[in-house]
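Report on the structure
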Amino acid sequence: MTDPVGMQGWPTGRLLSTAARLVEHAWVEALEQLGLTHAGLIVLHVLGSGPRSQTELAKSARVEVQTMSRTLERLEREGYIAREKHPDDGRRHVVTRTPAGEAAWGSARTLEADLFPSIADNAAMRSALLEIIQATAADRWDVE
């Protein structure tokens, strides 16, 4: 196939940047239809393994605690999460998914496959992306 815009010759960084922007636009549009944001989706995903504190959620999402606070406020307003006082420390809150949050997560968890069904080898692409992240993020955050 002829490449009319010359993308075959683009450096990998430019390809990644372009792909990231296009994927982000597709995600934002799809999540808006579900009443979610990208940050909210991350929180609902992390809460799937059980209740977490705001600090634990921020660390898992690799964002500042204040940023997580704003995300949690919105999710709580929408009825997707509940925050309750920690039983051992009244200064802390424990965050859980509500039934509405469970339903929203159930609707959103297949978005990747729904939005990009034609990716031939998703596992290989994910592996390559993880390698790139691990190689470039070591000095920014702990990469698992």
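Read on for a plain summary of the structure. Since the structure is predicted, the reported quantities are computational estimates derived from the model, not experimental observations.

Rules behind the numbers
- Residues numbered from 1 in each chain as written.
- Predicted model: local features only at pLDDT ≥ 70, side-chain atom pairs only at ≥ 80, totals over all residues.
- Heavy atoms only, no water.
- Core = buried A, V, L, I, M, F, W, Y, C linked by side-chain atoms within 4.5 Å.
- Buried < 20%, exposed > 50% of the residue type's maximum accessible area, 1.4 Å probe, protein only.
- Helix = DSSP H or I, 4+ residues; strand = E, 2+ residues; numbered from the N terminus.
- Contact = heavy atoms within 4.5 Å.
- Patch = residues over 30% accessible without salt bridge, like charges linked within 9 Å, V, L, I, M, F, W, Y side chains within 5 Å.
- Areas by Shrake-Rupley, 256 points an atom, 1.4 Å probe, with all protein chains shown as cover.
- Salt bridge = Lys/Arg side-chain N within 4 Å of Asp/Glu carboxyl O.

The next thing to look at is the nonpolar core. One finds Leu31, Leu36, Val43, Leu44, Leu57, Leu72 and Ile81 to be the most contacted residues of the largest nonpolar core, which totals 21 residues. Ranked by residues supplied to this core, first place goes to helix 2 (residues 38-46) with four residues. The contact partners of Leu31, leaving out residues within four places of it in the chain, are Leu36, Thr37, His38, Leu41, Ala108 and Leu111.

Moving on, we get to a nonpolar patch on the surface. Taken together, the side chains of Leu16, Ile119, Met125, Leu129, Leu130, Ile132 and Ile133 define a hydrophobic patch exposed on the protein surface, amounting to about 490 Å² of accessible area. Of note, Met125 is situated in helix 7 (residues 122-137).

Before going further, it helps to examine unusual backbone geometry. Phi at Arg62 takes a positive value of approximately 60°, unusual for a residue other than glycine. Note on placement: Arg62 falls in the loop between helix 3 (54-61) and helix 4 (65-77).

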